[in-house]
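The lines below spell out each chain.
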Amino acid sequence: MPDETDPQSNEPLQRVKGRGAQSQSPNRFESVHLSVEPTESTSAKTTQYLTDQSQSIVSQNSSPDIPFRYSINPYRGCEHGCSYCYARPTHEFLGMSAGIDFESKIIVKDNAVDLLRTFLARPKWKPESMMMSGVTDPYQPIERDRKITRGILRLMLQCRHPISVITKNALIERDLDLLQALATDNLVHVAISITTLDRELAQVMEPRTSSPDARFRAIKTLADAGVPVRIMAAPVIPGLNDHEIPELLSRASDAGATTAGYVMLRLPGAVQPIFEEWLSRVRPNNIEKVLAKIQEVRDGAMNDTAFRSRMRGTGVRADSIAEMFKLFAQKKGLGLESKPLACDRFVPPASSSGQMSLF
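Residues numbered from 1 in each chain as written. Predicted model: local features only at pLDDT ≥ 70, side-chain atom pairs only at ≥ 80, totals over all residues. Heavy atoms only, no water.

A. Spatial organisation of the pattern of salt bridges. This structure, assessed with the given rule, holds 23 salt bridges. Here Asp-185 and Arg-160 are joined by a salt bridge, their closest N and O atoms 3.2 Å apart. Note that Asp-185 is positioned in the loop between helix 5 (176–184) and strand 10 (188–193) and Arg-160 in the loop between helix 4 (148–159) and strand 9 (163–167), a separation of 25 residues in sequence. Look at Arg-160 and you get partly exposed, because its relative accessible area is 30%. When salt bridges with common partners are traced through the structure, they connect Glu-143, Arg-150, Arg-174, Asp-175 and Asp-177 into a single cluster. (Salt bridge = Lys/Arg side-chain N within 4 Å of Asp/Glu carboxyl O. Helix = DSSP H or I, 4+ residues; strand = E, 2+ residues; numbered from the N terminus. Buried < 20%, exposed > 50% of the residue type's maximum accessible area, 1.4 Å probe, protein only.)

This is how it looks when you write it as structure tokens:
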């Protein structure tokens, strides 16, 4: 990624250390884009934290291949910087780039707990499990300071409201007290996402998240405390990490995970060129093989937006991955479906103003 301190000069710009994207990919909604080639030298890119002005915190989706209707996202953008992140294009709606902006300009929902309290206080609300987070990671680095995710978990515990959490950051261990209390009443599922067992590959593919070993430790910490944990192999990248599925499931089971799932690599919009640039940089000798195998599971294309098939892929290779995953999950005693959470213990909160909401 170029250093953007002087975008009008002709001076050679530098690569950015610790970032998954190395460029400001064009915003599909903007007509003008400045593109400068990076040099081989390195530089840092300071993360900016911006205040979100949204008046809602709960999102609703109707996708038939996502097992939840409501989701909570404490942050927009994600500093983890995963090169493959399907959520990158969401930053384009904010007038920013899906590239380096997505991982260096983080929108923080400081009022998330109050917004959620108001939502849950609505007289017509009928509780059902919510997912945190449906888009970006709720335990990315800024959560260590802001503690928004922790505040949401605390509110859910006070209200006895069911919630599922997915993350690839071992910071979740910090909230063991709340998660354990929620688990006691069957009010929480936790999914830990692990993409690869290769520490060096993880460092360049997911530069600012926890190491694979730290994530396995988090599975054990949670499981030992009675918190149900699901291992997510996400994403499965044909030709790059699909061969790791058997060992990944074995280690997750040994650590205490009880269920397992996976998602095939998705490359919507600006994600495709970002991922391809990353792959050419870190695995130049394998790029043709990996891209060809991705096309095998996408009917000759690089992406598929159709419901159902977008999460699993199609064709012989996709079927083979599905069968291998199912076989080794069964072999290690990992279920493919999680136990439904309790929805009959909900205690509505007062609204943030101390009065019951009229809506």
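Alright, that's what it looks like, and here's the rest.
B. Structural detail: the pairing of strand 12 (residues 259–264). The buried fraction of strand 12 amounts to five of the six residues, a majority that puts the element mostly inside the structure. As judged from the five bridges shared by strand 11 (residues 229–236) and strand 12, these two strands associate in the parallel manner. When the bridges of strand 12 are listed, Ile-231 appears paired with Ala-260. Note that the unit made of strand 11, helix 8 (residues 245–255) and strand 12 has a crossover that is right-handed. (Pairing = 2+ DSSP bridges. Right-handed = clockwise from strand over helix to strand, strands pointing away.)

C. How the structure looks around the environment of Leu-187. Checked against the element boundaries, Leu-187 lands in the loop between helix 5 and strand 10. The spatial distance from the C-alpha of Leu-187 to the C-alpha of Met-156 is 8.7 Å, given a sequence separation of 31 residues. In this view, Leu-187 contacts Arg-160, His-161, Pro-162, Ile-163, Leu-182, Leu-341 and Ala-342; residues no more than four positions away in its chain are not counted. (Contact = heavy atoms within 4.5 Å.)

D. Focus on the environment of Asp-198. With respect to the helices and strands, Asp-198 occurs in the loop between strand 10 and helix 6 (199–205). According to the relative accessible area criterion, Asp-198 is partly exposed, its value standing at 32%. Through-space distance from the C-alpha of Asp-198 to that of Glu-244 is 9.2 Å; in sequence the pair is 46 residues apart. From its side chain, Asp-198 meets the backbone nitrogen of Glu-200 in a polar contact 3.0 Å long. Looking at Asp-198, its side chain comes within polar contact range of the main-chain nitrogen of Leu-201, at 3.1 Å. (Polar contact = N/O pair within 3.5 Å; in protein donor to acceptor, adjacent residues only side chain to side chain.)

E. Structural view of the packing of aromatic side chains. Throughout the structure, instances matching the rule amount to five aromatic pairs. The interplanar angle of 45° and the centroid separation of 4.8 Å between the aromatic rings of Tyr-262 and Phe-325 together place this pair among those described as tilted. With Tyr-262 in strand 12 and Phe-325 in helix 12 (residues 316–331), this pair connects stretches of sequence that are 63 residues apart. In textbook terms, an aromatic cluster arises when at least three aromatic residues are bridged by ring pairs, as seen for Tyr-70, Phe-119 and Trp-125. Looking at Arg-122, its charged tip hangs above the ring of Phe-119, at a distance of 3.9 Å from the centre. Against the face of Tyr-86 rests Arg-266, its NZ or CZ located 4.7 Å from the ring centre. (Phe/Tyr/Trp six-rings, centres within 6.5 Å; stacked < 30°, edge-to-face > 60°. Lys NZ or Arg CZ within 6 Å of the ring centre and 35° of its normal.)

F. Inspection of the nonpolar core at higher detail. Of all hydrophobic cores here, the largest spans 67 residues; its most connected members are Ile-72, Leu-116, Leu-120, Met-130, Ile-152, Ile-219 and Ile-231. With seven residues, helix 4 is the largest single contributor of residues to this core. (Core = buried A, V, L, I, M, F, W, Y, C linked by side-chain atoms within 4.5 Å.)

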